[in-house]
Amino acid sequence: MDLAAGALSAGETAGLLAFAGLGLVGSVHCLGMCGPLVTTYADRLDDGGPVSTHEIRQQALFNVGRTVSYTAVGALLGGLGTLVFDVAGLAQFGTAVRGVVGVLVGAFILTVGLGYMTRGSAVDVAASVPLVGTGFQRVSAALVAKIDAWVDGPGMVALGAMHGLLPCPLLYPAFLYAFATGSVATGALSLAALGLGTIPLVFAYGTAFGSLSPARRSSLHRVLGAVFVVLALVPLANGLAAFGVSIPKPPLPMPWM
């Protein structure tokens, strides 16, 4: 990115749009990982009536905190990339790395989707993922400990920001991309675009989902599960393609693939 010129190239703009699109279509995955925590926040805010202005404000603060956290991590990794790696040297490992990451991410999202479809309820699969599960549980416990103190005030931003530290297989390829760019600005903007893309669904989940009847929640979870399964084909197909295996996939963007 040419900061002196103050403008993005066509390729950079397309990349940021792809990240925002990925965040939008991939935000159903966020519900698989963070849905139970978001539901916990929503339950603390719920007064039993229609969605209030206070609930909307607090969920907005939560999502702002998440996006700021993603942006900061992207900037940090982009900066580390300038110090640690020669991007050209990293490129020779790129195909294998993208392949492995694609298969792992695809398999994870597929597992979440099948769980939603068969159970009709949120599936907390994070705890079963090696290493990721342990880290996720530790950070989740820290978040839950802060809920009562922060959920009704400006501290909701901090709760959202802490979500950026949750181990998340969907974010790992984006973090790798930010690191490989070797640019603080590109890393920050890419992760900011991804975070903004996730906001609509996560915001809706936190504000409106709790008002649905159990039967409608179950139906929505099954629909989300089907969406998960379709989305899983994108990283899975791109990952397998790195190893010469071709499977059908929907035409959705994956910037690092």
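Given the structure is predicted, the values throughout are model-derived calculations rather than measurements. (Residues numbered from 1 in each chain as written. Predicted model: local features only at pLDDT ≥ 70, side-chain atom pairs only at ≥ 80, totals over all residues. Heavy atoms only, no water.)

## Structural notes on the overall build of the protein
Then, in step 1: Along its length, the protein carries 8 helices and 0 strands.
Then, in step 2: The order of α-helices and β-strands along the protein, N terminus first, is α-α-α-α-α-α-α-α.
Then, in step 3: Here the protein holds 257 residues, and the buried ones make up 46% of them.
Then, in step 4: Carbon together with sulfur atoms contributes 70% to the accessible area of the protein, which is approximately 11800 Å² in total. (Helix = DSSP H or I, 4+ residues; strand = E, 2+ residues; numbered from the N terminus. Buried < 20%, exposed > 50% of the residue type's maximum accessible area, 1.4 Å probe, protein only. Areas by Shrake-Rupley, 256 points an atom, 1.4 Å probe, with all protein chains shown as cover.)

## Comments concerning helix α6 (residues 171-181)
Every α-helix carries 3.6 residues per turn, so stepping three or four residues along brings you back to the same face.
Then, in step 1: Where α6 is concerned, the buried positions are L171, P173, A174, F175, A178, F179 and A180.
Then, in step 2: Within two residues after α6, G182 carries a phi angle of roughly 65°, on the positive side.

## With respect to the packing of α6 against helix α7 (residues 184-207)
Then, in step 1: The contact between α6 and α7 brings their axes to 8 Å, and the two run at 160°. With respect to α7, the axis of α6 lies roughly antiparallel. Crossing angle aside, the handedness with which α6 passes α7 is right-handed. For the pair α6 and α7, the contacting residues are L171, A174, F175, Y177, A178 and T181 in the first and T186, G187, S190, L191 and L194 in the second.
Then, in step 2: Its residues assigned to classes, the contact of α6 with α7 comprises 7 nonpolar, 4 polar and no charged. (Axes fitted to C-alpha atoms, helices over the stretch in contact; angles between N-to-C directions. Parallel < 35°, antiparallel > 145°, perpendicular 65-115°, else oblique. Left-handed = near helix turned anticlockwise from the far one by under 90°. Contact = heavy atoms within 4.5 Å. Nonpolar A, V, L, I, M, F, W, Y, C, P; charged D, E, K, R; others polar.)

## Here's the deal with the nonpolar core
Then, in step 1: By size, the foremost hydrophobic cluster in this structure holds 15 residues, and its most contacted members are F19, L77, L171, A174, F175, L191 and L194.
Then, in step 2: Contributions of two or more residues to this core are made by α1 (10-45), α2 (53-84), α6 and α7.
Then, in step 3: Sort the elements by how many residues they give to this core and α6 lands first, with 5 residues.
Then, in step 4: If we skip the residues at most four places from it in the chain, L171 touches Y70, L191 and L194.
Then, in step 5: Counting 14 residues, the second-largest nonpolar core is a separate cluster that includes V38, M156, L166 and V202. (Core = buried A, V, L, I, M, F, W, Y, C linked by side-chain atoms within 4.5 Å.)

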